[in-house]
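The residues making up each chain are set out below.
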Amino acid sequence: MGLLVEGKWSDQWYDTKSSGGKFQRESARFRSTVSDDGFGVESQRYHLYVSYACPWAHRTLITRALKNLEPHIDVSVVDAYMGNQGWTFGQEAEGTTDHLFGHPYLWKVYASANATYTGRVTVPVLWDKKLGTIVNNESSEIIRMFNHEMNELDGVNRELDLYPENLRAEIDEINELVYHTVNNGVYRAGFATTQEAYSDAVRDVFSTLDQLEERLEGREFLVGDVLTEADIRLFTTLVRFDPVYYGHFKCNFRRIRDYPNLSRYTKMIYDLPKVAETTHFGHIKNHYYQSHPTINPTGIVPDGPDNWLNIEIST
């Protein structure tokens with residue numbers, strides 16, 4: 001995971017020495033919305049760059065699918081393996097080429113938007129073909145654009161509202177907890193470089209998982225009685241947990257399959273129409289175990305677990 005410095009690529013890992021061994025995620029830099037001046041809602045105007053491995057990008061793929069936005073927003077998928085050039089296109093079967101520019105690396109897309117950009121090169125990325133720039137690279141904001149602003153397009157599922165007004169305060173509260181302690185918590189544990197930083201993070205992960213297991217007793221969804229963005233944001237971490245985070249990121253107090261409510265909940269969301277098609281376990285496992293040599297220097301991808309939630313996940 002490198003970065004651009006004044007538009008020049010640099011293969012630099014995160015600096016945990018200056019943070020006492022703690023992994024600190026940088027904030028996204030492109031934060032416009034399609035309703036801002038200069039943009040606008042049009043079919044086929046926007047292009048989505050994703051990784052099937054990345055839980056943040058997975059949020060956008062699920063929302064795009066559930067809202068029936070596939071005819072309106074096309075997608076390019078980076079390869080599973082992320083090497084010294086960062087996210088790469090077109091070298092593996094499950095990835096695609098860069099459908100817009102034919103760039104070999106995602107950092108070139110960022111440089112196309114801003115020739116002097118400084119920052120991490122991450123997915124997802126929402127690109128505006130009309131203005132030739134990145135609209136947004138913050139997943140939480142992209143899914144809200146897909147949920148609301150895109151409703152005027154033909155054929156969109158307007159009946160599905162993942163951020164209903166009457167539940168927003170509770171959704172925001174759950175999102176805040178889950179982001180810091182679970183979504184990003186597994187990364188804080190996995191990328192920590194001191195025992196103390198790791199221990200603090202992994203205990204946060206399981207403290208919240210225990211709370212969520214209790215919250216889901218006798219209920220189907222996290223907030224209210226409907227699917228919301230809070231469920232999608234949690235699901236993309238849970239579905240990766242046993243295959244990747246339990247072993248690779250050392251989050252091994254318990255597996256999700258050891259939680260009756262969380263495992264039922266994860267399978268329920270996976271079985272919703274279109275969600276399984278966005279979930280690529282081979283891509284997920286290959287990315288994590290092969291792309292982090294500081295954690296897994298051999299690059300060996302484990303064969304298990306078998307039939308995670310009765311889902312075949314072989315590489």
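Residues numbered from 1 in each chain as written. Predicted model: local features only at pLDDT ≥ 70, side-chain atom pairs only at ≥ 80, totals over all residues. Heavy atoms only, no water.

K.L.:
Can you explain the overall build of the protein? Please cite residues and give values.
P.N.:
Secondary structure assignment for the protein yields nine helices and seven strands. In terms of C-alpha radius of gyration, the protein reaches 19 Å, essentially the compact-globule figure of 20 Å for 315 residues. Dimensions along the principal axes, computed over C-alpha positions, put the protein at roughly 50 × 45 × 35 Å. Residues counted as buried form 57% of the 315 residues belonging to the protein. Contacts in the protein between residues at least 24 apart in sequence constitute 70% of all its contacts with a sequence separation of at least 6. Accessible surface for the protein amounts to roughly 13300 Å². Of this, 46% is attributable to carbon and sulfur atoms. (Helix = DSSP H or I, 4+ residues; strand = E, 2+ residues; numbered from the N terminus. Rg over C-alpha atoms; globule rule 2.2 N^0.38 Å. Buried < 20%, exposed > 50% of the residue type's maximum accessible area, 1.4 Å probe, protein only. Contact = heavy atoms within 4.5 Å. Areas by Shrake-Rupley, 256 points an atom, 1.4 Å probe, with all protein chains shown as cover.)

K.L.:
Run through the state of the cysteines, naming residues and quoting values.
P.N.:
The full count for this structure, using the stated rule, is zero disulfides. No disulfide involves C251; its nearest neighbouring cysteine sulfur is the one of C54, lying 16 Å away. (Disulfide = S-S within 2.5 Å.)

K.L.:
Please give an account of the packing of helix α6 (residues 195-215) against helix α8 (residues 260-270) that cites residues and values.
P.N.:
Put simply, α6 and α8 touch, their axes get as near as 8 Å, and they point 75° apart. One finds that α6 runs roughly perpendicular with respect to α8. Within the contact between the two elements, α6 uses L209, L212 and E213 and α8 uses P260, N261 and L262. Classifying every residue of the contact of α6 with α8 gives four nonpolar, one polar and one charged. (Axes fitted to C-alpha atoms, helices over the stretch in contact; angles between N-to-C directions. Parallel < 35°, antiparallel > 145°, perpendicular 65-115°, else oblique. Nonpolar A, V, L, I, M, F, W, Y, C, P; charged D, E, K, R; others polar.)

K.L.:
Account for the packing of aromatic side chains, naming residues and giving values.
P.N.:
Overall, the coordinates contain 21 aromatic pairs when judged by the stated rule. The interplanar angle of 35° and the centroid separation of 6.3 Å between the aromatic rings of Y270 and F281 together place this pair among those described as tilted. One end of the pair, Y270, is in helix α8; the other, F281, is in helix α9 (residues 281-291), and eleven residues separate them in sequence. With respect to class, Y270 is no different from F281; both count as buried. (Phe/Tyr/Trp six-rings, centres within 6.5 Å; stacked < 30°, edge-to-face > 60°.)

K.L.:
Explain the packing of α6 against helix α7 (residues 229-245) residue by residue, including any values.
P.N.:
Each packed pair of helices is defined by two parameters, the angle between the axes and the distance between the axes. Between α6 and α7, whose axes approach to 14 Å, the crossing angle comes to 110°. The pairing of α6 with α7 is recorded here as roughly perpendicular in orientation. Taken as a pair, α6 and α7 cross one another with a handedness that is left-handed. When α6 is examined against α7, the residues V205, F206, L209 and L212 are found in contact with a partner set consisting of L234, L238 and F241. Its residues assigned to classes, the contact of α6 with α7 shows seven nonpolar, no polar and no charged. (Left-handed = near helix turned anticlockwise from the far one by under 90°.)

K.L.:
So what's going on with the sheet that holds strand β2 (residues 8-10)? Which residues, and what values?
P.N.:
Strand order in the open sheet formed by three strands is β2-β1-β5, and the pairing between neighbours is antiparallel. Only two strands of the sheet have a single neighbouring strand rather than two, namely β2 and β5 (119-120). Of the pairings in the sheet, the one linking strand β1 (residues 3-5) to β2 comprises three bridges and is antiparallel in character. Looking across to β2, one finds that L4 is bridged to W9. (Pairing = 2+ DSSP bridges.)

K.L.:
Any details on the side chain of E138? Residues and values, ideally.
P.N.:
Residue position: E138 is located in the loop between β7 (133-136) and α3 (139-147). Within the buried core, E138 has no salt-bridge partner, and the shortest N-O distance to an opposite charge, that of R31, equals 4.6 Å. If near-sequence neighbours (up to four positions away) are discounted, E138 is found in contact with A28, F30 and R31. (Lys, Arg positive; Asp, Glu negative; His and termini not counted. Salt bridge = Lys/Arg side-chain N within 4 Å of Asp/Glu carboxyl O.)

K.L.:
Help me get a handle on the environment of H180, residues and values and all.
P.N.:
Position of H180 relative to the elements: it lies in helix α4 (residues 168-183). In this structure, the C-alpha to C-alpha distance between H180 and V205, residues 25 residues apart in sequence, is 8.8 Å. Setting aside residues no more than four positions away along its own chain, H180 makes contact with G185 and R188. A polar contact of 3.1 Å, which involves the side chain of H180, links it to the side chain of E176. (Polar contact = N/O pair within 3.5 Å; in protein donor to acceptor, adjacent residues only side chain to side chain.)

K.L.:
Run through the pairing of strand β4 (residues 74-77), naming residues and quoting values.
P.N.:
Remark: a regular strand shows side chains that alternate across the two faces of the sheet. Pairing of strand β3 (residues 46-50) with β4, which is carried by four bridges, proceeds in the parallel orientation. Across the sheet, Y49 pairs through a bridge with S76, a residue of β4. Viewed along the sheet, the connection from β3 through helix α1 (residues 55-66) into β4 turns out right-handed. (Right-handed = clockwise from strand over helix to strand, strands pointing away.)

K.L.:
Describe the pattern of salt bridges, listing the residues and the values that go with them.
P.N.:
Scanning the model with the defined rule gives 16 salt bridges in all. Measuring nitrogen to oxygen at the nearest pair gives 2.7 Å for the salt bridge that ties R215 to E170. Taken as a pair, R215 in helix α6 and E170 in helix α4 lie far apart in primary sequence, 45 residues in all. Between R188 and D204 there is a salt bridge; the shortest N-O distance is 2.9 Å. Taken together, the residues span a long stretch of sequence, with R188 in helix α5 (residues 185-190) and D204 in helix α6 at a distance of 16 residues. Taken together, the shared-partner salt bridges connect E42, R45, D128 and K130 into one network.

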